[in-house]
Amino acid sequence: MSLEDGDSARWRGQRANGEVSSTPRPGGTGDPLPRGMPAPDSSRMQVMAEGWEPGPALGDGDVTPRGAPQRAGQHEEALMAELSELVQKVVKSSSWWEQHGVDISILACSLLLLPAGFLCLRSAQAIPFLVGVLTLGVVHHTLTVKGSHLASHNALTKSKSWGKVWAIFFIELCSAFTAEQATYNHVKIHHGYTNVIGLGDSSTWKLPFLNRYVYMFIAPLMVPIITPLVALDLLRNVEWKAALRTLCCMFLGLYCHYWLLLNVSDFQSPWSALLCMLLTRSLLAHPYIHVNIFQHIGLPMFAADRKPKRIHLMSLGVLNLPRNALLDWSFGHSLISCHVEHHLFPSLSDNMCLKIKPTVSQYLKQKKLPYNEDTYTSRLRLFLQRYEELMVHAPPITELVGIQ
């Protein structure tokens, strides 16, 4: 993950009808609109923040006014502790099937569908062939996105040893990436410093030299090629034993896919097999890229030494998208409709994030904390309209004043 330094441009929020709008505008990312002014992108984003009013930046180490930050910090920690207790009650009352079984079953079903997908590709008829492409594409993204994401958080099992095995299988063998770097960049950096400039601000997803249409609609097709190349570059940062293991797993995963297309799907030439590999591995690459930028970029960004406590950091800087059957299956609830819940409680499985969603959303709204939600089409429209501001220029730093 590239750690880019952002400009220290700052904006001050204003109270607008008791709500804070995260709709970006030239004044700064996440700047609330003046009273009565409609959002320029007509976004239907709901940011439930009644009673939340920006004031002097309240970071983890602020000292002005004397004693106020300490009291505010204690209040925020108490809020997080209270929410954690409520969520823990839900978790304790849930069965193993709810905590792990549902998601393991989805991954197992995906693996069982692999033979059918490869066999469908043998057909000379268009419909069975397309069914095979669709099946392999959905299975690939289920294993590489949902499986890798859960494995990186050790959310598939309570055993750390098995968690390591699943991380290597899903991240290295299926995804052609390095498990150590994937876990570090995602869990330690992105989750540890969500929307913090230069650390977890999602800058790794920005390619400012591309225009909006190339980035949003053409570049995602190159994800299957770019991913292993980036992984090879990151191997310089891991021990030689881990690097050797990663190389073996990456080669094995890619070669098995290629071999099965030639010998099971009966492709006649290496180039046709490679083209089919690219097609299936990029089938859901567009929503994959979109989801990764929609749910963080365009929301408030913070400086490392001027960021709010965890519960405000996650409620302000994370957004949920609506339920979607295909993406829920392939990417998981924690990446789609329960992303706020996932960032607050990252060790929970997709199914558990869905189960705690009513508890978390109700609690945040009761405490007058932001709970960001928006539609996929609304975010797509926003990014196309404000691509330069959101994806090319460095994001401004949000200055929070008087978090209540």
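Definitions and limits used
- Residues numbered from 1 in each chain as written.
- Predicted model: local features only at pLDDT ≥ 70, side-chain atom pairs only at ≥ 80, totals over all residues.
- Heavy atoms only, no water.
- Helix = DSSP H or I, 4+ residues; strand = E, 2+ residues; numbered from the N terminus.
- Buried < 20%, exposed > 50% of the residue type's maximum accessible area, 1.4 Å probe, protein only.
- Core = buried A, V, L, I, M, F, W, Y, C linked by side-chain atoms within 4.5 Å.
- Contact = heavy atoms within 4.5 Å.
- Phe/Tyr/Trp six-rings, centres within 6.5 Å; stacked < 30°, edge-to-face > 60°.
- Salt bridge = Lys/Arg side-chain N within 4 Å of Asp/Glu carboxyl O.
- Axes fitted to C-alpha atoms, helices over the stretch in contact; angles between N-to-C directions.
- Parallel < 35°, antiparallel > 145°, perpendicular 65-115°, else oblique.
- Left-handed = near helix turned anticlockwise from the far one by under 90°.
- Nonpolar A, V, L, I, M, F, W, Y, C, P; charged D, E, K, R; others polar.
- Patch = residues over 30% accessible without salt bridge, like charges linked within 9 Å, V, L, I, M, F, W, Y side chains within 5 Å.
- Areas by Shrake-Rupley, 256 points an atom, 1.4 Å probe, with all protein chains shown as cover.
- UniProt positions renumbered as here; feature names shortened; annotations may be inferred.

### Things to note about unusual backbone geometry
Turning to step 1, where the next piece is worked out: Unlike most non-glycine residues, Ala176 shows phi in positive territory, near 60°.
Turning to step 2, where the next piece is worked out: Summarising the element assignment, Ala176 is placed in the loop between helix 4 (160–174) and helix 5 (179–191).
Turning to step 3, where the next piece is worked out: Looking at Ala176, the relative accessible area reads 3%, which means it is buried.
Turning to step 4, where the next piece is worked out: One non-glycine residue, Ser202, lies in the positive phi region at around 65°.

### Regarding the nonpolar core
Turning to step 1, where the next piece is worked out: Core analysis: the largest hydrophobic core is formed by 25 residues, its most contacted members being Ile311, Leu344, Phe345 and Leu364.
Turning to step 2, where the next piece is worked out: Of all the secondary-structure elements, those providing two or more residues to this core are helix 1 (68–92), helix 11 (310–317), helix 13 (339–344) and helix 14 (350–366).
Turning to step 3, where the next piece is worked out: Excluding its chain neighbours within four sequence positions, the residues that come into contact with Ile311 are Glu76, Leu79, Met80, Leu83, Leu344, Tyr363, Leu364 and Leu369.
Turning to step 4, where the next piece is worked out: Counting residues in hydrophobic clusters, the runner-up holds 18 residues, among them Leu156, Phe170, Ile171 and Ala231.

### Some details on the packing of aromatic side chains
Turning to step 1, where the next piece is worked out: Applying the stated criterion across every chain, the model contains twelve aromatic pairs.
Turning to step 2, where the next piece is worked out: When the centroid spacing of 5.0 Å and the interplanar angle of 80° are considered together, the rings of Phe169 and Phe170 count as edge-to-face.
Turning to step 3, where the next piece is worked out: On the basis of relative accessible area, Phe170 is assigned to the buried category, the value being 3%.
Turning to step 4, where the next piece is worked out: When the ring of Tyr215 is compared with that of Tyr387, the centres are 5.9 Å apart and the planes differ by 50°; the resulting orientation is tilted. Linking Tyr215 in helix 6 (residues 212–218) with Tyr387 in helix 16 (residues 387–392), this pair joins segments that are 172 residues apart in sequence.
Turning to step 5, where the next piece is worked out: An aromatic cluster of three or more residues is present, and its members are Trp162, Trp166, Phe169 and Phe170.

### A look at the pattern of salt bridges
Turning to step 1, where the next piece is worked out: Counted by the stated rule, this structure contains eleven salt bridges.
Turning to step 2, where the next piece is worked out: For Glu172, the salt bridge identified is with Arg245, shortest N-O distance 2.6 Å. Taken together, the positions of Glu172 in helix 4 and Arg245 in helix 8 (residues 240–263) put the pair 73 residues apart, joining distant regions of the chain.
Turning to step 3, where the next piece is worked out: Judged by its relative accessible area of 0%, Glu172 falls in the buried class.
Turning to step 4, where the next piece is worked out: For Arg245, a relative accessible area of 24% translates into the label partly exposed.
Turning to step 5, where the next piece is worked out: The partner of Arg386 in a salt bridge is Glu389, with the nearest N and O atoms 3.4 Å apart. Summarising the burial analysis for this pair, Arg386 and Glu389 share the class buried.

### Describing the packing of helix 2 (residues 96–120) against helix 3 (residues 126–152)
Turning to step 1, where the next piece is worked out: The contact between helix 2 and helix 3 brings their axes to 8 Å, and the two run at 150°. Classified by the interaxial angle, the pair formed by helix 2 and helix 3 is roughly antiparallel. The handedness of the crossing between helix 2 and helix 3 comes out as left-handed. Together, Asp103, Ile106, Leu107, Ser110, Leu111, Leu113, Leu114, Gly117, Phe118 and Cys120 of helix 2 and Pro128, Phe129, Val131, Gly132, Thr135, Leu136, Val139, Thr142, Leu143, Lys146, Gly147 and Leu150 of helix 3 make up the contact between the two elements.
Turning to step 2, where the next piece is worked out: Residues that form the contact of helix 2 with helix 3 fall into these classes: 14 nonpolar, six polar and two charged.

### Considering a nonpolar patch on the surface
Turning to step 1, where the next piece is worked out: On the surface, a nonpolar cluster with roughly 650 Å² of combined accessible area is contributed by Leu221, Met222, Ile225, Ile226, Leu229, Val230, Leu232 and Leu247.
Turning to step 2, where the next piece is worked out: Tracing the backbone shows Met222 in the loop between helix 6 and helix 7 (223–234).
Turning to step 3, where the next piece is worked out: A relative accessible area of 37% means that Met222 is categorised as partly exposed.

### Describing the UniProt feature "transmembrane region" (unreviewed entry) in the protein chain
Turning to step 1, where the next piece is worked out: Following the UniProt record, one finds the feature "transmembrane region" (unreviewed entry) at residues 213–235 and 242–260.
Turning to step 2, where the next piece is worked out: Each end of residues 213–235 is marked by a C-alpha atom, and these two atoms are 31 Å apart; helix forms 78% of the span and strand 0%.

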